[in-house]
Amino acid sequence: MPSLQTALPPELANNAIRLYRECLRRAKYIGQKKFNTELLITMVREQFKKNMHETDPDKIQKMKDDAARGLINHMLYESENLSGRKFSKSTDQS
């Protein structure tokens, strides 16, 4: 079974590993606040393990984009809570 680093070009493997580590950090942070750290870490690990043998660069890029989007959304959420300001426009069109 080839490792992730040898199965992919170095730039993809390095970014995926960095993304995985950041997802784990965020899961630990959110888990500590919500008292469900192990559940969130397990969810992140399962998602990465499920897709670790993917070789299609387009699919890999989409998965990385999805993970990055989730991290960005969480960072915006935390920033809004800390500052009291809304950074995203509301989609409510009442």
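The structure under discussion appears in the preceding block.
What you see is a predicted model, and the numbers here were worked out from it, not measured in a lab.

Definitions and limits used
- Residues numbered from 1 in each chain as written.
- Predicted model: local features only at pLDDT ≥ 70, side-chain atom pairs only at ≥ 80, totals over all residues.
- Heavy atoms only, no water.
- Patch = residues over 30% accessible without salt bridge, like charges linked within 9 Å, V, L, I, M, F, W, Y side chains within 5 Å.
- Areas by Shrake-Rupley, 256 points an atom, 1.4 Å probe, with all protein chains shown as cover.
- Salt bridge = Lys/Arg side-chain N within 4 Å of Asp/Glu carboxyl O.
- Helix = DSSP H or I, 4+ residues; strand = E, 2+ residues; numbered from the N terminus.
- Core = buried A, V, L, I, M, F, W, Y, C linked by side-chain atoms within 4.5 Å.
- Buried < 20%, exposed > 50% of the residue type's maximum accessible area, 1.4 Å probe, protein only.
- Contact = heavy atoms within 4.5 Å.

A. Just a nonpolar patch on the surface, in detail. A cluster of nonpolar side chains, contributed by Ile72, Met75 and Leu76, occupies part of the molecular surface with about 250 Å² of accessible area. In this structure, methionine 75 sits in helix 4 (residues 57–83).

B. Broad picture of the nonpolar core. Formed by Leu19, Cys23, Leu24, Ala27, Leu40, Ile41, Val44, Ala67 and Leu71, the largest nonpolar core amounts to 9 residues. Those elements that provide at least two residues to this core are helix 2 (10–34), helix 3 (37–50) and helix 4. With 4 residues, the single largest contributor to this core is helix 2. When neighbours within four sequence positions are excluded, alanine 27 is seen to be in contact with Leu40, Ile41 and Val44.

C. The arrangement of the pattern of salt bridges in detail. Scanning the entire structure with this criterion turns up 5 salt bridges. Between glutamate 78 and lysine 33 there is a salt bridge whose closest N-O contact spans 3.2 Å. Note that glutamate 78 is positioned in helix 4 and lysine 33 in helix 2, a separation of 45 residues in sequence. Overall, the relative accessible area of 44% leaves lysine 33 in the partly exposed class. The partner of arginine 69 in a salt bridge is aspartate 66, and the shortest N-O contact between them spans 2.8 Å. Placement of both arginine 69 and aspartate 66 in helix 4 is noted, with a separation of 3 residues, approximately one turn of the helix. Of the residues examined, arginine 69 reaches a relative accessible area of 46% and is grouped as partly exposed.

Keep in mind these numbers describe shape, not what the thing actually does.
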